[in-house]
Amino acid sequence: MLTKKLPPLQSFLVQVSRRASHVARQQYDVIVVGGGHAGTEAAAAAARVGAQTLLVSQKVHTIGALSCNPSLGGVGKGQLVKEIDALDGVCGRAGDWAGIHFSILNRRKGPAVWGPRAQLDRQRYREFIQSELLSTPRLTVLEGSVEELLVTEPNPEEPGQHRVTGIRLANESHPITASSVILTTGTFLSGSLFMGQTTSPGGRIGDAPSSAGLSHTLRERLGLRTGRLRTGTPPRIVKDSVDLSLAQLHPPDSHSTPFSFLNTHTRCKPEEQLPCYLTYTTPGVERVVKESLHLNCHIQQDTKGPRYCPSIESRVLRFPGRRHRVWLEPEGLTSDLLYPQGLSMTMPPDVQLRLIREIPAMHRAEIHTPGYGVQYDFVCPTQLSPALQVKSTQGLFLAGQINGTTGYEEAAAQGLWAGVNAARWALSMPAVALSRTESYIGVLIDDLVSRGVTEPYRMFTSRAEFRTSLRPDNADLRLTLKGFEEAGCVSPFRYQEAVRVRDSLQDALAALQSLALSAIMWRKKIPNVPISENKSTLLTGMDILQYNDVSFEILASAFPECLSPYMEFSQRLKIEGHTLTNRGKEIERIQREESMSLPQDIDYFSLPVSLSQEVREILDRVRPSTLGAATRLQGITPAAIVHLLNYVRHTGQKERRAHRYRSDQREDEELRARNTSLPQ
C-alpha cells in the first residue's frame, strides 16, 4: 500500500473545478464545506458509502494541510487514528506515507493506553491526501467560498424545523443543491487572528476569512446556539539557527509501528527518520511573558482556550516558577524549519524573538513565521444527534472544530462519521451509531452530544470507561466488520483482510488453549520461565503467554508444528494473553449497575476514593440519584464513575453484611426471649 505513485500537485489543481458553473453537476447527494481533516475524511467517507459528493474548499492547494503541529496520533489520539483506519479512513495511511519519526507513547504502561504517534512531513502528507481524493470515485472538488446555506421548509414526515437543500457560493448566482450538507469550517467560522495588539479577520494566517453569511445563517436563520473558543500556534524556527547540542536527543523507535492495518511497514525506514529534541523554559521566559502582558490582547480575553495544549503565556501565568517542556520537532525531511511544541504564543513578533532566545538551545534562534492566536465560533454540540446531524435541521451535519473540539484526530473522526451518516441520509438509509463501549469515536461523539463543551475538547484514554477493551491493536476487529456490514464505508478488500485476521487470531488462540501441560512439563519445554512447581493444575499456552518473559516467538519455537503459522500475529497474541481473561467484565458490570442508587447523604468531599476536587464539587452540588445519572454530568470523568461504582458496591456489601448480622442477632434475641417465657 506504500508503493503508489502520487501525481504532482499541479495535476490535482488542474482537475479541480474553479467555478460552480464548471462542476459536472448542480445536484449532489452530499456537499462538504471545508477541506481540513474533518472535511477530507467526510468527503471520502460519503463517497465510499455511495453518495455523489462535492467537496468545497476556499483554497484547493491547502486541502489536507497541517495547520499547526505536523504530527499525528498520541495518547488517546492514536487510538482515534487506528479506528479511523479500521473504518477505511484516509489519515492513517497518509501518516504511514508521510511519517518521519514514529514512536509509541506510554509503552511502559499497559497496551490499552499505548499511543501510536508520528511526526510528519507536511508536503508529503498534503500530497497523499490530495491524491486519495483525486482517485476516489463519486467525489468532485470545487474551489470556492460558501456564502450561505439554502434552507427551506422541513419534510413533515421527519423530525426537524428546517431542511437544508444546498449551498450558494460567494460571487456565484447558481446554487448547488444536495440532500445533505456537512460543515467542517474549522477555525474559519467568524474567525479572528491575534498577534500582539493586532487583530484581523481569518481562521488561518495567509487565508481569506470565511463568509459572514454562513455564521448568520446558523445563528439567525436556524437559531443554533453558538459560543466562542480560542487556540494558537507557535512561531516556526529556522533550524540552522538552533544549537541542538544543548537539547536532549530523542530518536524514533527502532521499529516503526504503522497506523494502518493494511500496512506492514512505513514509507520512511527507521534509520532514515529524523530525531526530535527536548528542552525547557527558563525564568527568563516567564519574565518576558509577564513584562509583555499589556501588549497581548489575545491572552487578556475571557474566551476559553485549550486546557491541555495551552499557550506559553497561559502556562506561565497558571504555573509560575515551573520549568515547562519544549519539544523541537522537524517539519519535513528537507524542511529547514523546526516546530517548537509547547511555545504557542500571541505576543508581538519582536517579543516572541526575545522569549525564545531565553532558552539556551535557541539563544541565537531566528523566527521564520511568528506565532498567532485564533478566536472562532463553534456550535454547541448538544444540538446534534449521535449521527452528528443538527436535530432541528434536516440534512445538516457538523464535524470538527465547529463542534468545539481541538486536534486533527478528533476532527478526522467526526468527519468520517458525519460523512457516513450524511451519505446514508441522502440515500434514504437509516443512521448508524457507535457506542462508547466499542470505540473511542463513540466516546468522542457521546461526550459532545450529551455533555457539550465549555473548552476545546481533546481525547484522552481516561475519557473511555472501557479502554482496556478499546486498544489500538484491535480497532480492526472492533470496527471494520461493522463498517462494512452496517455503515457501508469499508471496501471489500479491507473487509476480507479483517475477516482473515479475525479467523487467524481465533485459530491461534484455540491452538494456545489446546497446549495444556503440567508446570513440570512447561519448565522442561521453556527452562528460563519462572513457573512455580507448586501449581497442580494444567497450564495452557495462553496461561504461559501471560508471563512477562514469554513471547509468542518463544512458544512457537517450542511448538512449531501448531504455532508457527501464526507468527505474523505474535505481538497481537501477546497482548491478547494479558487482556483476554478480563475482557468485557468491566463493560458488563457498569452496564448492569448503571441503575444503582447513590445514597443522598454521601459526603463526597470526605469520600475515601480517588476523585478530583472538581468532580467532588459537581457531585456534591447535583447529587445524582443513580450511577447512570452521574455518568451524564458534565465534568464527571469515566475514571471517576468507576471509582464511585467500586465504592458504592463495596459499601453496599458491607451494609448488607451488617444488616444480616443485625437480623441474625435480633432472631437470636427473639428466640431466647421465647425460650425464657416458656413454662419451666
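Because the structure is predicted, anything quoted here is derived from the model rather than measured.

*Asks:* Is there a simple way to explain the packing of aromatic side chains in this structure?
*Replies:* Centre distance and the angle of the planes are the two values used to describe a pair of aromatic rings. Enumeration over the complete set of coordinates arrives at four aromatic pairs. Ring centres of Phe102 and Phe259 lie 6.3 Å apart, and the angle between their planes is 50°; on these two criteria the pair is classed as tilted. You can see Phe102 sitting in strand β4 (residues 99-105) and its partner Phe259 sitting in the loop between β14 (248-250) and β15 (276-280), a full 157 residues away along the chain. Accessibility expressed as a relative area gives 2% for Phe102, which makes it buried. For Phe259, a relative accessible area of 1% corresponds to the buried category. Between Phe484 and Tyr495, the ring centres sit 4.0 Å apart and the planes meet at 15°, which makes this aromatic pair stacked. Of this pair, Phe484 sits in helix α13 (residues 475-487) while Tyr495 is found in helix α14 (residues 492-514), placing the two residues 11 residues apart along the sequence. Taking the relative accessible area as the measure of exposure, Phe484 reaches 30% and is therefore partly exposed. Just above the ring of Phe261 sits the side chain of Lys82; from NZ or CZ to the centre is 4.2 Å. Against the face of Tyr280 rests Arg323, its NZ or CZ located 3.8 Å from the ring centre.

*Asks:* I tried to follow the layout of surface pockets on my own but got confused; where do I start?
*Replies:* Vacant regions in the atomic arrangement are exposed by a probe of water-molecule size rolled over the atoms. What the second largest pocket holds in volume is close to 950 Å³. Along its surface, the second largest pocket is lined by 33 residues, and Pro258, Asn263, Glu568, Gln571 and Arg572 are the ones closest to its centre. Mapped by element, the contributors of at least two residues to the lining of the second largest pocket are α13, α14 and α19 (570-579). It is α14 that provides the largest number of residues to the lining of the second largest pocket, a total of six residues. Of the residues in the lining of the second largest pocket, the class split is 14 nonpolar, nine polar and 10 charged.

*Asks:* Hey, could you run me through the sheet that holds β4 in this one?
*Replies:* To summarise the sheet geometry, strands pair through backbone hydrogen bonds and adopt either a parallel or an antiparallel arrangement. An order of β3-β5-β4 is seen for the three strands of this open sheet, with the pairing classed as antiparallel. If you trace the sheet from one side to the other, it starts and ends with β3 (71-73) and β4, each paired once. Across this sheet, the average inter-strand angle for adjacent strands is 15°, counted without regard to direction. Judged from the six bridges that link them, β4 and strand β5 (residues 115-120) form a sheet pairing that is antiparallel. Along β5, the bridge assignment pairs His101 with Gln119. The sheet contacts of helix α4 (residues 91-98) involve β3, β4 and β5, and relative to β4 the element is tilted by about 115°.

*Asks:* What am I meant to see in the pairing of strand β9 (residues 176-183) here?
*Replies:* Here is the key point about a regular strand: its side chains alternate between the two faces of the sheet. Taken across its eight residues, β9 has six buried, putting it largely inside the fold. One ladder, built from six bridges, connects strand β1 (residues 27-33) with β9; its direction is parallel. Opposite Tyr28, over in β9, you have Ala178 as the bridge partner. In this structure, strand β8 (residues 162-169) lies alongside β9, joined through two bridges in antiparallel fashion. Opposite Ile167, over in β9, you have Ile176 as the bridge partner. Turn length for the β8-β9 hairpin, with the two strands adjacent in sequence and antiparallel, is six residues, and the turn residue Asn171 shows positive phi of about 65°. Bridge analysis of β9 against strand β21 (residues 396-398) gives three bridges, and the strand direction is parallel. Bridged to Ile182 within β21 is Phe397.

*Asks:* How should the pattern of salt bridges be read in this particular structure?
*Replies:* Oppositely charged side chains may form a pair once their charged atoms are brought near each other. Tallied over the entire structure, the rule returns 32 salt bridges. A salt bridge links Lys290 to Glu286, with the nearest nitrogen and oxygen atoms 2.9 Å apart. Residue Lys290 and its partner Glu286 are located together in helix α7 (residues 283-291), separated by four residues, close to a single helical turn. On the basis of relative accessible area, Glu286 is assigned to the buried category, the value being 15%. With a closest N to O distance of 2.7 Å, Glu438 and Lys482 form a salt bridge. Of this pair, Glu438 sits in the loop between α11 (408-426) and α12 (440-451) while Lys482 is found in helix α13, placing the two residues 44 residues apart along the sequence. Each member of the pair Glu438 and Lys482 is classed as buried.

Calculation criteria
- Residues numbered from 1 in each chain as written.
- Predicted model: local features only at pLDDT ≥ 70, side-chain atom pairs only at ≥ 80, totals over all residues.
- Heavy atoms only, no water.
- Phe/Tyr/Trp six-rings, centres within 6.5 Å; stacked < 30°, edge-to-face > 60°.
- Helix = DSSP H or I, 4+ residues; strand = E, 2+ residues; numbered from the N terminus.
- Buried < 20%, exposed > 50% of the residue type's maximum accessible area, 1.4 Å probe, protein only.
- Lys NZ or Arg CZ within 6 Å of the ring centre and 35° of its normal.
- 1 Å grid on protein atoms, 1.4 Å probe; cavity = no way out; pocket = protein on both sides within 12 Å on 5 of 7 lines; lining within 4 Å.
- Points joined across faces, edges and corners; volume = space filled by probe spheres on them.
- Nonpolar A, V, L, I, M, F, W, Y, C, P; charged D, E, K, R; others polar.
- Pairing = 2+ DSSP bridges.
- Axes fitted to C-alpha atoms, helices over the stretch in contact; angles between N-to-C directions.
- Contact = heavy atoms within 4.5 Å.
- Salt bridge = Lys/Arg side-chain N within 4 Å of Asp/Glu carboxyl O.

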